[in-house]
Amino acid sequence: MTESLAPASSATGRSRQQGTPESERGATRARRGGLFAAGVLAALAAGACGGRVVVDGFEPPDGAGGSAGTGGSTSAVTPDPTGSGQGGDINEGGAPPIPPLVEDDLGEIAIGVPVPVDIPPGTLGFTAIAQLMTSPPSFDPIGIAEIYGPDGRTFMADYTIPGTLASFYNQGIGTAAVPQTGAAASVPLVPGTYWITIGDGGFGRPTAPVRLSVWRRQTLDGRFHGGKLDINAFIAGEAISEDYLQSALRRAYQGFVGLDVGSVTVHRLGAEWGFVDEELLPILLEQTAGARGRPALNVIAVSQFGGRLESAAGATPSAPSVAVEHGTHLSGIVVTLFEDPQVDTAILRHELGHFTGLFHTTEIEPAFADPLDDTVRCDDALELLELCPDYDNIMFPTGGDFSGRMTPQQTTIVQASAVYRGIVENGGGAADPLPAGRGPSPAGRAPDPAGRGQAGHGAALAPGDSAWAAALPSRAATLLAGHFCGHSAAAGADYFALLRATGGADADRLPAVGRDRGPPVQARARALAAAGRAAAPAAAAPSTASARVLADLEALAVDPRLPRRARLGAIQGVAAASPAAARALAARLAADPDRVVGRMAIRAAR
């Protein structure tokens, strides 16, 4: 069913969930103090023992006996009087005899002081979350500075893993997980005492208290037995139809790494959230406050990315992000979908990979790659693209060939994450959702029945095999048709600079790609946006060629026969080529029947 959260612009009072994107943008700039531009978008992402342990939604009374984690308190799953047990699903076995997901709430922690966390046998993995205890969420940097294990092995230090582009700190909340490296991707995880140190990323000690929690996934034998992935789907305005989004989510995630889709609940956001850039991304993620269920994956569908994220299809704020609390700056993934089932499946799986702790197999920037032992890397991803040995992997930076291949270690990391409701034994049932977290929780929400979708998808036809790509360099066609990921943008990659490097910034050829019905819609949209940039230098000194390109883009932007995505690309191209033409175009499109087109034209003219 559809759940309508109050649109961000509808309330009369001022709160973090009641501001508008534009009003919050200025506040974001002031609070972040330039931090986002310094690298917090790239964040992929304590002094006390004796924390409180919450297991499967049951919090033990003070003084309960036993020991669990470092807190010295424990809880048993309460039996269901009906006999089916808490967490039991019909025809799926009974209640888990042990809780699949356990939170060690370590409370307020001192920066720079290693904190011990006991990891018992049977643990698949754990996620550490450092959070500044403020309301609204803070923009000060905080994160995980170091994790080392019971044998003294360092899993990450100085907020990173060597050889990767990871930075395990972010705005108000930071995360890191074990396993995220090949050395730690064992089943089960090595038990013992792990030491976690939190820090401020080197930007200056925050004034607010810092809370550390460790979420541990376990089974009876330390092996994966399946689980349910619950999803909160947010639609910004008319970014995508509810029916398509639900089918896309079920197609992408049913059967993915052995998980089933659980509940899918759709929420509505105001149309003003249909555009997102790097400054609005954390504010947009705050709009998930009040969503149902924990753990759950929040997926926000928007109409268009801009700024450093322009031409991206997905953005995930950290690897890993946060599935156990809503409304934080790490509480979800943001996507723009193209209504191509194969492409959209690859986008959704790629971003979930980041969300659970996976990096790109090879980064766009040479010499950086993921820290896994069973993935191959490419010497130069941009130069070789489809010739790369990891091009078929779902975590290739452009999405690869969309076949979705994953290695055993990648699969282990997703299965060890805190994103789903787990099953702890063969034939068992999934746990019930955890109770509401610290944020607001609207009443009366009911999930949709779990859907059944396709578990896999095949490789895409190489763009070079298509007629539309014949007039372009092969690598340029591949880049136009692929998945541009927000993590690449966070690492400094500029999509249009990459396209120029592949020889694809030809202002005369690109409009033809946008007009052609043969290319995938993302290729048409990006080609038109790129055409405007390619014509922009000449537009400063007007020429016949630049005027022709601009006229082509204007005609395509107002043509209702073009797909919406292609029209939006043309609008971006016009804005890049001529701000004056963008203002005139916005006036023409203000009353366009496609309200998304009209809204984006007005925004592009600012």
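Residues numbered from 1 in each chain as written. Predicted model: local features only at pLDDT ≥ 70, side-chain atom pairs only at ≥ 80, totals over all residues. Heavy atoms only, no water.

Caption draft 1: Representation of the overall build of the protein within the structure. Of the regular secondary structure elements, the protein holds 16 helices and 19 strands. Within the protein, the proportion of its 606 residues that are buried is 61%. (Helix = DSSP H or I, 4+ residues; strand = E, 2+ residues; numbered from the N terminus. Buried < 20%, exposed > 50% of the residue type's maximum accessible area, 1.4 Å probe, protein only.)

Caption draft 2: Looking closely at empty space enclosed by the protein. Within this model, the largest cavity holds a volume of roughly 180 Å³. What lines the largest cavity is a set of 14 residues, and nearest its centre among them are Q304, S311, F338, A525 and Q572. At the level of secondary structure, the elements contributing two or more residues to the lining of the largest cavity comprise strand 16 (304-305), helix 12 (521-540) and helix 14 (564-577). With 4 residues, the single largest contributor to the lining of the largest cavity is helix 14. The residue inventory of the lining of the largest cavity, partitioned by class, reads 5 nonpolar, 7 polar and 2 charged. Of the voids in this model, the second largest cavity is the one considered here, and its volume is about 90 Å³. For the second largest cavity, the full set of lining residues is T127, I129, P320, S321, V322, A323, V324, F355, T356, S417, A418 and V419. Residues belonging to the lining of the second largest cavity are distributed by class as follows: 8 nonpolar, 4 polar and no charged. (1 Å grid on protein atoms, 1.4 Å probe; cavity = no way out; pocket = protein on both sides within 12 Å on 5 of 7 lines; lining within 4 Å. Points joined across faces, edges and corners; volume = space filled by probe spheres on them. Nonpolar A, V, L, I, M, F, W, Y, C, P; charged D, E, K, R; others polar.)

Caption draft 3: Region of interest: the packing of helix 3 (residues 242-253) against helix 5 (residues 341-356). In contact at an axis separation of 9 Å, helix 3 and helix 5 are set at 65 degrees when each is read in the N-to-C sense. Where helix 3 crosses over helix 5, the two elements pack in a sense that is right-handed. Taking contact as the criterion, the partners of Y244, A248, L249, R251, A252 and Y253 in helix 3 are, on helix 5, P341, D344, T345, L348, R349 and L352. Looking at the contact of helix 3 with helix 5, its residues break down into 8 nonpolar, 1 polar and 3 charged. (Axes fitted to C-alpha atoms, helices over the stretch in contact; angles between N-to-C directions. Left-handed = near helix turned anticlockwise from the far one by under 90°. Contact = heavy atoms within 4.5 Å.)

Caption draft 4: Geometry of the pattern of salt bridges. Under the counting rule described, the total for this entry stands at 14 salt bridges. Notably, a salt bridge pairs E310 with R533, separated by 2.6 Å at the nearest N-O pair. Of this pair, E310 sits in the loop between strand 16 and strand 17 (314-315) while R533 sits in helix 12, and the two are 223 residues apart along the sequence. By relative accessible area, E310 is classed as buried at 11%. With a shortest N-O distance of 2.9 Å, R548 and D508 are connected by a salt bridge. Pair noted here: R548 is in helix 13 (residues 544-557) and D508 is in the loop between helix 10 (495-501) and helix 11 (510-515), with a separation of 40 residues, a long-range link. Assessed through its relative accessible area of 41%, R548 is described here as partly exposed. A single network of salt bridges, built from pairs that share partners, joins E103, D105 and R211. (Salt bridge = Lys/Arg side-chain N within 4 Å of Asp/Glu carboxyl O.)

Caption draft 5: A look at the pairing of strand 3 (residues 101-108). Extensive coverage of strand 3 is indicated by the burial of 6 of its 8 residues. Examined bridge by bridge, strand 3 and strand 11 (residues 210-218) share 6 bridges and lie antiparallel to one another. Among the inter-strand pairings, D104 is bridged to a residue of strand 11, identified as V214. (Pairing = 2+ DSSP bridges.)

Caption draft 6: Up close: unusual backbone geometry. S135 connects to P136 through a cis peptide bond whose omega is 5 degrees. Counting through the fold element by element, P136 comes out in the loop between strand 5 (123-132) and strand 6 (141-148). In this model, R294 is joined to P295 through a cis peptide bond whose omega is -10 degrees. Within the fold, P295 resides in the loop between helix 4 (281-286) and strand 15 (297-301). Even without a glycine there, the phi angle at F402 is positive, about 70 degrees. On the secondary structure map, F402 appears in the loop between helix 6 (381-384) and helix 7 (408-415).

Caption draft 7: Region of the structure containing the confidence of the model for the protein. Confidence in the prediction of the protein, expressed as mean pLDDT, is 82, and 79% of residues score 70 or more. Within the model, the stretch residues 1-18 combines pLDDT values under 50 with 54 contacts to residues more than four positions away or in other chains. (pLDDT = per-residue confidence, 0-100.)

Caption draft 8: Looking closely at the packing of aromatic side chains. Across all of its chains, the model carries 10 aromatic pairs by this definition. An aromatic cluster of three or more residues is present, and its members are F126, F155 and Y194. Over the ring of Y420 we find R217; its NZ or CZ atom is 3.6 Å from the centre of that ring. Between the NZ or CZ atom of R533 and the centre of the ring of F496, over which it lies, the distance is 4.1 Å. (Phe/Tyr/Trp six-rings, centres within 6.5 Å; stacked < 30°, edge-to-face > 60°. Lys NZ or Arg CZ within 6 Å of the ring centre and 35° of its normal.)

Caption draft 9: A look at the environment of H329. Within the secondary structure, H329 is located in the loop between strand 17 and strand 18 (333-335). Only 2.7 Å separates the side chain of H329 from the backbone oxygen of Q171, close enough to count as a polar contact. (Polar contact = N/O pair within 3.5 Å; in protein donor to acceptor, adjacent residues only side chain to side chain.)

Caption draft 10: How the structure looks around the side chain of T407. Here T407 lies in the loop between helix 6 and helix 7. A residue is classified by how much of its surface remains accessible, and T407, at 2% relative accessible area, is buried. Within the structure, the side chain of T407 is placed 3.0 Å from the side chain of D374, a separation counted as a polar contact. The contacts of T407, once residues within four sequence positions are left out, are D374, T375 and N393.

Caption draft 11: Representation of the packing of helix 14 against helix 15 (residues 579-589) within the structure. Contact geometry for helix 14 and helix 15: axes closest at 6 Å, N-to-C directions at 145 degrees. Of the residues in helix 15, those touching helix 14 at R567, I571, V574, A575 and A577 are P579, A581, A582, L585 and L589. Across the contact of helix 14 with helix 15, the residue classes tally to 9 nonpolar, no polar and 1 charged.

Caption draft 12: Examining the side chain of S488 more closely. By the secondary structure assignment, S488 is in helix 9 (residues 486-490). The residues touching S488, leaving out its near neighbours within four places in the chain, are H360, I364, P397 and A493.

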